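Next come the chains, spelled out residue by residue.
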Amino acid sequence: MEYKIALIPGDGIGPEIVGEAKKILDRVCEKYGHKFNYEEVLLGGASIDACGVPLTQEAIDTAKSSDAVLMGSIGGDAKTSPWYKLEPSKRPEAGLLAIRKALNLFANLRPAYLYEELKGACPLKEEVIGDGFDMIIVRELTGGLYFGERKTVEENGVRKAVDTLTYDEKEIRRIAVKAFEIAGKRRKKVTSVDKANVLDSSRLWRKVVEEVAADYPDITLEHMLVDNCAMQLVHNPGQFDVILTENMFGDILSDEASMVTGSIGMLSSASLNETKFGLYEPSHGSAPDIAGKGIANPIATILSAAMMLRFSLDLDKEADAVEAAVQQVLKEGYRTVDIMSEGMKEVGTKEMGDLIAERI
Ligand code: NAD
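Here the structure is a predicted model, which is why all the values come from computation and not from measurement.

> So what exactly am I meant to see when it comes to empty space enclosed by the protein here?
It is the rolling of a water-molecule-sized probe over the atoms that shows where space remains empty. The full count for this structure, using the stated rule, is one cavity of 30 Å³ or more. What the largest cavity holds in volume is close to 50 Å³. Residue lining of the largest cavity: L165, Y167, V193, D194, L199, S201, S202, W205, E246 and F249, and that is the complete set. If you tally residues by element for the lining of the largest cavity, the top one is helix α7 (residues 200-213), at three residues. Looking at the lining of the largest cavity residue by residue, the class counts come to six nonpolar, two polar and two charged.

Below you can see the structure in the form of structure tokens.
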């Protein structure tokens with residue numbers, strides 16, 4: 001098969017880790033007989049330096065005309081980088097928000113997977129970890145409290161602030177469909193998280209999710225209140241497969257789920273629109289403190305590329321092969337410095353990419 005992939009190296013360690021992810025994709029092409037045509041797109045600080053703005057229309061057009069976008073990360077050191085002397089709407093992060101909006105990416109996917117080999121980095125006790133965990137949080141990204149009407153007023157000398165949490169059934173349905181589709185490719189369980197004992201928006205959320213569930217009889221649906229979910233993530237994380245939730249709850253829960261894996265350099269993510277199109281990126285930032293040193297962990301970006309193969313290109317077998325190669329390299333004891341532990345073999349960014357590519 002032939003696909004067009006937009007590559008956004010970005011800033012800091014971005015070019016280094018995207019380079020390794022491309023190495024993996026090239027190996028996938030070689031092994032499985034596909035052809036990926038890459039086009040590089042400037043975003044964030046790299047775009048400010050070259051074009052004066054963090055995102056150009058040309059970049060949006062290139063991304064839109066691709067089958068998927070693979071990104072490193074953007075941004076610099078806020079204290080020292082000249083990008084942060086610009087007004088907020090012209091800084092690197094504004095480019096990222098703008099491209100997400102332009103591409104209508106309403107579904108954010110954040111897997112939290114505990115590798116047996118990295119159990120030592122997990123802050124939970126052995127008995128809580130049990131056989132490990134493998135979940136994915138599907139978060140609504142363009143609605144809810146963060147996008148509702150807001151105002152701050154003064155009434156009778158008292159300051160008052162109002163934020164509104166609104167969801168319509170279409171917004172709920174499209175994200176629920178994504179979650180059920182993803183669960184169909186996994187262990188076939190959706191936990192829908194809400195606050196239906198208090199919020200009207202959550203009661204509608206629950207009703208619409210149940211309507212969508214009727215179209216997926218082979219998938220188990222359970223509902224969980226968000227406060228309970230926050231506890232369950234550190235009490236019994238192994239119970240979760242797909243967690244489906246609205247924007248703010250997902251913001252908080254996905255960070256909590258990431259932290260229990262303990263390894264920032266390993267966490268991938270994806271943002272999808274209504275079609276198969278998506279933007280794939282590691283959960284971490286551009287790590288300016290280690291940029292150019294050749295020591296960044298490329299695995300989060302490589303796993304993001306695996307998600308791209310699975311969700312945008314429907315190449316499940318190839319995605320499995322990339323994930324298995326990552327697991328194999330960890331099993332053999334290779335580690336970048338961020339996940340290094342006693343008795344393991346320390347390798348740099350390029351070497352880690354080579355080792356994974358060789359095992360595909
Ligand atoms: P960060 O994730 O870049 O770094 C936090 C710490 O983790 C640093 O010590 C860093 O060295 C380490 N780290 C991160 N990724 C690593 C990797 N792959 N391998 C080894 N170590 C790694 O977060 P930060 O320092 O708060 O932010 C730095 C810049 O990144 C800022 O400009 C911020 O705005 C930007 N940022 C961008 C994105 C994005 O592009 N989506 C996300 C978060 C932060």
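What follows continues from the structure just given.
> Explain the environment of E2 to me, please; I cannot follow it from the model alone.
Here E2 is to be found in strand β1 (residues 2-10). For the pair E2 and I24, spaced 22 residues apart in sequence, the C-alpha to C-alpha distance is 16 Å. Setting aside chain neighbours within four positions, we find E2 in contact with K35 and N37. Polar contacts involving the side chain of E2 include one to the side chain of N37, which spans 2.8 Å.

> Explanation requested: the site of the ligand in the structure shown.
In the vicinity of the ligand, 21 residues are found, and the nearest of them are G76, E93, G285, A287 and N297. A distance of 3.0 Å is found between an oxygen atom of the ligand and a backbone nitrogen or oxygen belonging to I74. At a separation of 3.2 Å, an oxygen atom of the ligand approaches a polar side-chain atom of Y84. Protein burial of the ligand: of its 800 Å² of free accessible surface, 69% is covered by the chains. Among the secondary structure elements, those contributing two or more residues to the shell around the ligand are β3 (68-73) and α4 (92-102). Looking at the shell around the ligand, its residues break down into 10 nonpolar, seven polar and four charged.

> For this particular structure, what's the right way to read the layout of surface pockets?
Counted as a void, the largest pocket has a volume near 810 Å³. Taken together, 33 residues form the lining of the largest pocket, with L96, L97, R100, R139 and L141 sitting closest to its centre. Among the secondary structure elements, those contributing two or more residues to the lining of the largest pocket are β3, α4, β4 (107-113), α9 (247-261) and β12 (278-282). Tallying contributions element by element places α9 first for the lining of the largest pocket, with seven residues. Residue composition of the lining of the largest pocket, by class: 12 nonpolar, 13 polar and eight charged. Counting residues domain by domain, the lining of the largest pocket receives three or more from each of domain 1 (1-108 + 274-360) and domain 2 (123-260). Looking at the second largest pocket, its volume works out to about 540 Å³. Forming the boundary of the second largest pocket are 24 residues, of which P111, Y113, D134, R186 and E323 lie nearest the centre. Counting only elements with at least two residues in the lining of the second largest pocket, the list comes to β4, β5 (134-140), α10 (299-311) and α11 (316-331). Considered class by class, the residues forming the lining of the second largest pocket number 13 nonpolar, four polar and seven charged. Each of domain 1 (1-108 + 274-360) and domain 2 (123-260) gives at least three residues to the lining of the second largest pocket.

> Honestly, the domain arrangement of the chain in this entry has me stumped. Any pointers?
It is common to report an interface's size as the accessible area lost on association of the parts. Domain annotation of the chain identifies domain 1 (1-108 + 274-360) and domain 2 (123-260). At the junction of the two partners, domain 1 supplies 12 residues and domain 2 supplies 12 residues. Buried area between domain 1 and domain 2, both sides added, is near 1100 Å², and the carbon and sulfur share of it is 58%. Of all residues in domain 1, F106, N108 and F311 give up the largest surface area on contact with domain 2, accounting jointly for 56% of the area buried on that side. The partner of D316 in a salt bridge is K185, and the shortest N-O contact between them spans 2.9 Å. Put simply, domain 1 and domain 2 have six residue pairs in polar contact (both at pLDDT 80 or more) between them. Elements represented by at least two residues in the side of domain 1 that touches domain 2 include exactly β4 and α10. If you tally residues by element for the side of domain 1 that touches domain 2, the top one is α10, at three residues.

> I'm lost on the pairing of strand β9 (residues 220-225) in this one. Help?
In the case of a regular strand, side chains alternate between the two sheet surfaces. Two elements, strand β8 (residues 189-194) and β9, share six bridges in a ladder whose sense is parallel. Looking at the pairing, V193 lines up with M224 of β9. For the crossover from β8 across α7 to β9, the handedness is right-handed.

> For this particular structure, what's the right way to read the side chain of N297?
Following the sequence through the fold, N297 ends up in the loop between β12 and α10. Within the structure, N297 has its side chain in polar contact with the backbone nitrogen of I299 (distance 2.9 Å). There is a polar contact of 3.3 Å between the side chain of N297 and the side chain of T336.

> Please explain the pattern of salt bridges as it appears in this structure.
Side chains that differ in charge, positive against negative, can pair when their charged atoms come close. Applying the stated rule across the entire model yields 30 salt bridges. A salt bridge links D354 to K23; the nearest nitrogen and oxygen atoms lie 2.6 Å apart. Taken together, the residues span a long stretch of sequence, with D354 in helix α12 (residues 349-358) and K23 in helix α1 (residues 14-32) at a distance of 331 residues. In this structure K23 comes out as partly exposed when scored by relative accessible area, which is 25%. In this structure, D200 engages R203 in a salt bridge whose closest nitrogen and oxygen atoms are separated by 2.9 Å. Taken together, the residues span about one helical turn, with D200 and R203 both in helix α7 at a distance of three residues. On the basis of relative accessible area, R203 is assigned to the partly exposed category, the value being 37%. Residues joined in a network through salt bridges with shared partners are D134, R186, R187 and D241.

The rules behind each value
Residues numbered from 1 in each chain as written. Predicted model: local features only at pLDDT ≥ 70, side-chain atom pairs only at ≥ 80, totals over all residues. Heavy atoms only, no water. 1 Å grid on protein atoms, 1.4 Å probe; cavity = no way out; pocket = protein on both sides within 12 Å on 5 of 7 lines; lining within 4 Å. Points joined across faces, edges and corners; volume = space filled by probe spheres on them. Helix = DSSP H or I, 4+ residues; strand = E, 2+ residues; numbered from the N terminus. Nonpolar A, V, L, I, M, F, W, Y, C, P; charged D, E, K, R; others polar. Contact = heavy atoms within 4.5 Å. Polar contact = N/O pair within 3.5 Å; in protein donor to acceptor, adjacent residues only side chain to side chain. Near = heavy atom within 4 Å. Areas by Shrake-Rupley, 256 points an atom, 1.4 Å probe, with all protein chains shown as cover. Domains from an automatic or database assignment. Buried area = accessible area lost by both parts, 1.4 Å probe. Salt bridge = Lys/Arg side-chain N within 4 Å of Asp/Glu carboxyl O. Pairing = 2+ DSSP bridges. Right-handed = clockwise from strand over helix to strand, strands pointing away. Buried < 20%, exposed > 50% of the residue type's maximum accessible area, 1.4 Å probe, protein only.

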